[in-house]
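An overview of the molecular structure
Next come the chains, spelled out residue by residue.
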Amino acid sequence: QRDVSQTTSTSRTTTRDRVLWRSAEDDSEENSSDHNQNPDPLAQTFIIQEEGGCFLTKIDAFFGAKDKNLPVWCEIRNVVNGYPGPKILPFGRKILEPADVNVDENTAGTATTFTFDSPVYVQEGTEYCVVFLTHSLDYRMWISQLGELDVSGTNRAISRQPHIGVLFKSSNNRTWTPVQAQDLKFKLYKAKFSTTDGTCTLVNDNIGNF
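Rules used in this analysis
Residues numbered from 1 in each chain as written. Predicted model: local features only at pLDDT ≥ 70, side-chain atom pairs only at ≥ 80, totals over all residues. Heavy atoms only, no water. Helix = DSSP H or I, 4+ residues; strand = E, 2+ residues; numbered from the N terminus. Buried < 20%, exposed > 50% of the residue type's maximum accessible area, 1.4 Å probe, protein only. Pairing = 2+ DSSP bridges. Contact = heavy atoms within 4.5 Å. Axes fitted to C-alpha atoms, helices over the stretch in contact; angles between N-to-C directions. Salt bridge = Lys/Arg side-chain N within 4 Å of Asp/Glu carboxyl O.

Our focus in this paragraph is unusual backbone geometry. The phi torsion at Ala108 lies on the positive side, around 55°, for a residue other than glycine. In this fold, Ala108 is placed in the loop between strand S6 (83–96) and strand S7 (112–122). We classify Ala108 as buried; its relative accessible area is 4%. Residues other than glycine seldom take positive phi values, yet Asn173 does so here, at roughly 70°. By secondary structure assignment, the location of Asn173 is in the loop between strand S11 (167–170) and strand S12 (176–179). Note on Asn173: relative accessible area 10%, which makes it buried.

The subject of this paragraph is the pairing of S6. Looking at chain direction, strand S5 (residues 72–80) and S6 are connected through 7 bridges and run antiparallel. Residue pairing for S6: Val79 is matched across the bridge by Pro84. If you look at the hairpin formed by S5 and S6, you'll find 2 residues sitting between the two strands, and Asn81 has a positive phi there, around 55°.

This part covers the environment of Ala61. Checked against the element boundaries, Ala61 lands in strand S3 (residues 54–61). We classify Ala61 as buried; its relative accessible area is 0%. The spatial distance from the C-alpha of Ala61 to the C-alpha of Phe186 is 4.8 Å, given a sequence separation of 125 residues. Apart from residues no more than four positions distant in its own chain, Ala61 is found in contact with Thr110, Ala111, Thr112, Phe114, Phe132, Met141 and Lys185.

Strand pairing in a sheet relies on backbone hydrogen bonds, with the paired strands running either antiparallel or parallel. The strand order across the open sheet formed by 6 strands is S6-S5-S8-S2-S11-S12, and the pairing between neighbours is antiparallel. Single-partner strands in this sheet number two, and they are S6 and S12. The sheet shows a mean angle of 30° between the axes of neighbouring strands, taken without regard to direction. With 4 bridges joining them, S11 and S12 adopt antiparallel strand pairing. The residue of S12 that forms the bridge with Ser170 is Trp176.

In this section: the pattern of salt bridges. By the definition in use, this model includes 4 salt bridges. For Glu75, the salt bridge is made with Arg77, and the minimal N-O distance between the two is 2.8 Å. Accessibility classification places Glu75 together with Arg77 in one group, the buried group. What makes Glu75 buried here is its relative accessible area of 3%. Each of the salt bridges in this network shares a partner with another, and the network as a whole consists of Glu75, Arg77 and Arg93.

Given below as structure tokens:
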């Protein structure tokens, strides 16, 4: 083991508009035609209970609307004192173009998959968050809200939260507001490694004569 340190410098621009909100609900702040220079994200926290941790390979998100031109991306970040942090885990960012985003306006049944370029390691008993960002005002994401009816076809009222995490909203990607009665609809996938024996052959290259 060895200790490492990391320093990250960022610059941000003040913004007025909200980017991501829940599907099928209008908001007066979303009616501006200007695009953000600094994305206003949604974040959902979750806790890893897998013994020894695990490697996240992809995440399913559920969109109710999308932009025609601008992409959307997700990030796996740390959590600081229960709130989304600024540090992105190694390989924990994936960008999708609008053509790769699936939309379901009615039942929230069609997933959009963000597959990470390399598995993202998360530690056991540690809280993380998944953050969704875009520069467009047109993306909408599905959530669940206590007391509302399930739109997937059961028509049952949502009586409890699906997991321990909390949904957060932000207007500047720095200050976060928790929404206790809402949760983002998403699905995480972990890697399953083979336990069969394998052979690794290492061969020195021919370096010639000196």
